[in-house]
Amino acid sequence: MTEQGFRDALSVELDRILGFWLERMPDYANGGFLGAIDWQDRPQPESDKGAVLNARILWTFSAAYRLRPSDSLKEQAQRAYQYLHRYFLDPVYGGVYWSLDYTGQPKETKKQVYALAFALYACAEYYAAFGDVAALGDAVGLWRTLDENCRDTERGGYYEAFTRDWAPIEDQRLSDKDANEKKTMNTHLHIAEAYACLYKVAPHKELRDHLMDLLQTIDRYFIDETTGHLRLFFNEEWVEKKDVISYGHDIEAAWLLLDCAEEMGDDALIKRYQRHCVRMADATCEGLDVDGGLWYEYDPADNRLIAEKHWWPQAELWLGFHKAWELTQKSDYLDIIYRKLDIYAVDAL
């Protein structure tokens, strides 16, 4: 496949994805976007609305607008921001609610730090696209909320979850499959992503210090240099809770953390994360199926492959292996990408 063929295939897939969300998911009855659509493509208008989904919608339309401006993308980005600002932001205690009912009333009011990170990330990207100072204010406010309520100033890193008013909460988990621990790789990964996005548009020295510290904490605790895989769960004292190997998170972290390090402009940190990127990409190869797809997880304790294929690791694969190719110019990484594209996207040409 030629480089232009690769670009063309990705462009077609992007059009398909954006078209679906533009046409099918706006909630014109209750505002924002629908909370769910079933497997038969039928809207579920009374489904709850989640903070993470709505923040990702906001980021996507904003980032897409910066790539290829259009009135339709701008309209839906504005819809997403206005809804998040009006309904998801907690005006009393700060942060964002985990979920709302379909009318916009708070449903689950816990403060999951993962959701705060995505809301910050989305507001910063919206500001980058449209220059809306209210969105920048929301992003900065979420950063301050994370700093004041969620950062472990003694041992480093960020805690996982709280009640609405920032009291301790028993169930820290992002989902039922996660370990119930206070510090997780996944949340730290996306706080770093959010901070880097905000730093691009608001290069505050204190924010830079927080991101530098976060990247050093991730390097120290979450990346296993021996295996190239990520460590997923820790308690507040940084004692690891052994768990599975997540191939999708390995290849996601490979490119994402390097992007964050590059935003800092620190040569030593960049070189360290360049090494991590290639090492994690190589480790991810353990999870490649013969058909080019990426398996979900592996459980070392039981020597058991969790033989599922989820959509998001397949997408992260393209980004992670492309970054590894940029660093090394090894054609093996491109071969993995092109094979993946042959499976999922070449029929779009």
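Residues numbered from 1 in each chain as written. Predicted model: local features only at pLDDT ≥ 70, side-chain atom pairs only at ≥ 80, totals over all residues. Heavy atoms only, no water.

Their axes nearest at 10 Å, the elements helix H6 (residues 185–201) and helix H8 (residues 247–264) cross at an angle of 30 degrees. For H6 against H8, the interelement crossing comes out left-handed. Here H6 contributes Met-185, Asn-186, Leu-189, His-190, Ala-192, Glu-193, Ala-196, Tyr-199 and Lys-200 to the contact with H8, which in turn contributes His-249, Glu-252, Ala-253, Trp-255, Leu-256, Leu-257, Cys-260, Glu-263 and Met-264. Along the lines of polarity and charge, the residues of the contact of H6 with H8 split into 11 nonpolar, 3 polar and 4 charged. (Axes fitted to C-alpha atoms, helices over the stretch in contact; angles between N-to-C directions. Helix = DSSP H or I, 4+ residues; strand = E, 2+ residues; numbered from the N terminus. Left-handed = near helix turned anticlockwise from the far one by under 90°. Contact = heavy atoms within 4.5 Å. Nonpolar A, V, L, I, M, F, W, Y, C, P; charged D, E, K, R; others polar.)

Moving on, we come to unusual backbone geometry. The phi torsion at Trp-166 lies on the positive side, around 70 degrees, for a residue other than glycine. The phi torsion at Gln-329 lies on the positive side, around 60 degrees, for a residue other than glycine. Within the secondary structure, Gln-329 is located in the loop between helix H10 (311–328) and helix H11 (331–344).

With 22 residues, helix H1 (residues 3–24) extends 32 Å between its outermost C-alpha atoms, agreeing within 8% with the 32 Å of an ideal straight helix rising 1.5 Å per residue. Taken as a whole, H1 has its buried residues at Gly-5, Phe-6, Ala-9, Glu-13, Leu-18 and Gly-19. (Expected span 1.5 Å × (residues − 1). Buried < 20%, exposed > 50% of the residue type's maximum accessible area, 1.4 Å probe, protein only.)

Attention now goes to the nonpolar core. Among the nonpolar cores identified, the biggest contains 111 residues, and Tyr-195, Leu-198, Leu-215, Leu-257 and Tyr-273 are the most heavily contacted of them. Top contributing element to this core by residue count: helix H4 (residues 113–130), with 14 residues. If near-sequence neighbours (up to four positions away) are discounted, Leu-198 is found in contact with Leu-120, Ala-124, Leu-136, Ala-139, Val-140, Trp-143 and Leu-207. (Core = buried A, V, L, I, M, F, W, Y, C linked by side-chain atoms within 4.5 Å.)

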